[in-house]
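One letter stands for each residue in the lines below.
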Amino acid sequence: MEHPGRRAGVPMKLLEYQAASLFEKHGVPIQKGVVIDSAALAAGAVKKIEEAGLAFPVVIKAQVQIGGRGKAGGVKFAENAEEAEKLCARMLGMDIRGFKVKELLVVEKKEIAREWYLSIMLDRYTKSPLLIFSPVGGMDIEETARTSPGRIARVPLNPMEKQTPLYVIDYVLDKTGTDKNCRAALLDLVQKLYTLFFAYYTMLVEINPLAVDARGALTALDGKIEIDDNALPFLPDISAWRDKLQEDADVIEARKSDFLFIPIEDDGSVGVMSNGSGMLMSCIDLISKKGMKVHAALDLGGGATAERIAEAVRIMLGRPKITAVFICVFGGITRCDEVARGACIAMRKNEAAGKQLILRIEGTNKDEAARIVAESGLPITVAEGIPKSVEAIFALHQKEGGGAQ
Ligand code: ADP
Ligand code: MG
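Residues numbered from 1 in each chain as written. Chains lettered and ligands numbered in written order. Predicted model: local features only at pLDDT ≥ 70, side-chain atom pairs only at ≥ 80, totals over all residues. Heavy atoms only, no water.

**A short note on the overall build of the protein chain**
Thinking step 1. Each helix and strand counted, the protein chain has 14 helices and 19 strands in total.
Thinking step 2. By its C-alpha atoms, the protein chain is 80 × 50 × 40 Å across when sized along the principal axes.
Thinking step 3. Relative to its full complement of 405 residues, the protein chain shows a buried share of 49%.
Thinking step 4. Here the contacts in the protein chain between residues at least 6 apart in sequence split such that 69% fall between residues at least 24 apart.
Thinking step 5. Averaging the coordinates of the 52 positive side-chain charges in the protein chain and doing the same for the 54 negative ones gives two points 2 Å apart. (Helix = DSSP H or I, 4+ residues; strand = E, 2+ residues; numbered from the N terminus. Buried < 20%, exposed > 50% of the residue type's maximum accessible area, 1.4 Å probe, protein only. Contact = heavy atoms within 4.5 Å. Lys, Arg positive; Asp, Glu negative; His and termini not counted. Charge placed at Lys NZ, Arg CZ, Asp CG, Glu CD.)

Here it is as structure tokens:
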């Protein structure tokens, strides 16, 4: 990596069937399934379901990177082949809270006695993996959290211990009033999940529901895995899955230059760029306080050259809704004159578009940067400090007739 650990990780959220394949690899019990896309549908979805050896009734599940699909019409049951064919045709192309359904996962419908919730997440507060368990899981887990918080147990796990102790399992079962018939199976499953948690640099591994059948066997019926994207260079198999995810085209474009592009409010008109996520957040807060909306943010990372700055500004200016780009750079490794030069390159190419740039730079070669901007004759305002920059953005915003959005 060019800049190892230069910014906080952003979770790459896997699709359910991708998560399921990692579960399978680590011995977490799942149901066998088949993925149907539009090509498979055209070739006969039922044929594919039958070839995979699945028996009816089946469950058809929209593969989108968000939870709550069941409540949004993204999980449907089909009693027979005819129903399955119809549902596959209807669900492909469907929109689920802004995500287009391009793939479906079909699995057999399972007889479930109970639906549990189980997850391990990276907890920034305790700086350790946090095990969360509830015997009242499934689609209403949020309701459980609200109405019966006592039925959800949270235990920080010692990151230095790679084995989950049995007392942790006993603790979560006792605390949530769950019978202990499945304690051995749960320990085994938590251990496998914990191994997976470390192996893939995950920020979250979640099974909801973890189905318990009449015999007490456990099966993961849904899976959510979020991987720290800083680790992707070490995980080529996971990186290859990125193509299947629905991402903003500029997020992908920015990533090519190792920038982090974050779409924020679709109807916003300000683009904010900085070298650090903390600084970005402060800028966004101050801009929002003035009643303006930020359309997108871009984290440059460290040590940006004029070419990289120009590329980042180009991406920002390319967003039709952005009318003003704010660059807030504290030049430690980054030289201010390089930032100014880069900004000028991008603005010169974009002159006709009538967009404005506000530049706040502090640090090495600051005066040289101001001179470059002054001599360029481009619509770039150099401002002193963040509050004054925000005032400058606000003044431009008023002039455009944006008023308070
Ligand atoms: P989401 O969490 O996105 O709503 P899930 O995969 O958890 O989607 O499915 C929602 C609900 O559908 C589950 O809580 C469960 O009740 C039911 N369900 C999911 N898969 C199956 C299955 N294979 N057999 C029976 N019921 C299922
Ligand atoms: Mg679920």
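More follows now that the structure is in view.
**Here we look at the packing of helix 10 (residues 277-289) against helix 14 (residues 385-399)**
Each pair of packed helices can be described by the angle between their axes along with the distance between the axes.
Thinking step 1. Where helix 10 contacts helix 14, the two axes come as close as 10 Å, and the packing angle between them is 50°. With respect to each other, helix 10 and helix 14 are oriented oblique. Relative to helix 14, helix 10 is oriented so that their crossing is right-handed. Note on element contacts: helix 14 touches helix 10 through Ile386, Val390 and Ile393, opposite Met279, Cys283, Leu286 and Ile287.
Thinking step 2. Partitioning the contact of helix 10 with helix 14 into residue classes produces seven nonpolar, no polar and no charged. (Axes fitted to C-alpha atoms, helices over the stretch in contact; angles between N-to-C directions. Parallel < 35°, antiparallel > 145°, perpendicular 65-115°, else oblique. Left-handed = near helix turned anticlockwise from the far one by under 90°. Nonpolar A, V, L, I, M, F, W, Y, C, P; charged D, E, K, R; others polar.)

**Overview of the coordination of the magnesium ion (ligand 2)**
Thinking step 1. The magnesium ion (ligand 2) binds to the protein through Asn208 (O) and Asp222 (OD); the donor distances cover 2.1 to 2.2 Å. Taken as a pair, Asn208 in strand 11 (residues 202-212) and Asp222 in the loop between strand 12 (218-220) and strand 13 (224-228) lie far apart in primary sequence, 14 residues in all. Across the pair, Asp222 and Asn208 agree in class, each one buried. (Donors = N, O, S within 2.8 Å, 3.2 Å for Na, K, Ca; no water.)

**As for the site of ligand 1**
Thinking step 1. As a structural note, the neighbourhood of ligand 1 is formed by 21 residues, with Gln31, Lys61, Arg69, Gly70 and Glu115 the closest of them.
Thinking step 2. In the model, an oxygen atom of ligand 1 is placed 2.8 Å from a nitrogen or oxygen of the Gly70 main chain.
Thinking step 3. Here Glu115 contributes a side-chain N or O atom positioned 2.5 Å from an oxygen atom of ligand 1.
Thinking step 4. Relative to its unbound accessible surface of 540 Å², ligand 1 loses 91% to contact with the protein.
Thinking step 5. Taken together, the elements giving at least two residues each to the shell around ligand 1 come down to strand 3 (58-62), strand 4 (75-78), strand 7 (103-108) and strand 11. (Near = heavy atom within 4 Å. Polar contact = N/O pair within 3.5 Å; in protein donor to acceptor, adjacent residues only side chain to side chain. Areas by Shrake-Rupley, 256 points an atom, 1.4 Å probe, with all protein chains shown as cover.)

**Remarks on the domain arrangement of the protein chain**
Thinking step 1. What the domain assignment lists for the protein chain is domain 1 (11-16 + 112-240), domain 2 (32-108) and domain 3 (249-399).
Thinking step 2. Centre-to-centre, using C-alpha coordinates, domain 1 lies 41 Å away from domain 3. (Domains from an automatic or database assignment.)

**Re the packing of helix 11 (residues 306-317) against helix 12 (residues 336-349)**
Thinking step 1. For the pair helix 11 and helix 12, interaxial distance at closest approach is 7 Å and the crossing angle is 45°. If you check the angle between helix 11 and helix 12, you find them oblique. Seen along the crossing, helix 11 lies across helix 12 with a hand that is right-handed. Residues Ala306, Ile309, Ala310, Val313, Arg314 and Leu317 of helix 11 lie in contact with helix 12, whose contacting residues are Glu338, Val339, Arg341, Gly342, Ala343, Ile345, Ala346 and Met347.
Thinking step 2. Tallied by class, the residues present in the contact of helix 11 with helix 12 amount to ten nonpolar, one polar and three charged.

**With respect to the packing of aromatic side chains**
Thinking step 1. Under the criterion given, the structure shown has five aromatic pairs.
Thinking step 2. The interplanar angle of 25° and the centroid separation of 6.3 Å between the aromatic rings of Tyr194 and Phe197 together place this pair among those described as stacked. Taken as a pair, Tyr194 and Phe197 lie in helix 7 (residues 183-199) at a separation of three residues, close to a single helical turn.
Thinking step 3. With a relative accessible area of 1%, Tyr194 lands in the buried category.
Thinking step 4. On the accessibility criterion, Phe197 (3% relative accessible area) is buried.
Thinking step 5. Between the aromatic rings of Tyr194 and Phe198, the centroid separation amounts to 4.9 Å while the plane-to-plane angle is 65°, which identifies the pairing as edge-to-face. Note that Tyr194 and Phe198 are positioned in helix 7 at a spacing of four residues, about one turn of the helix.
Thinking step 6. Under the relative-accessibility criterion, Phe198 is labelled partly exposed at 29%.
Thinking step 7. These aromatic residues form a ring-pair network of at least three members: Tyr194, Phe197 and Phe198.
Thinking step 8. Here Lys290 stacks its cationic end above the ring of Phe394, 4.3 Å away from the centre of that ring. (Phe/Tyr/Trp six-rings, centres within 6.5 Å; stacked < 30°, edge-to-face > 60°. Lys NZ or Arg CZ within 6 Å of the ring centre and 35° of its normal.)

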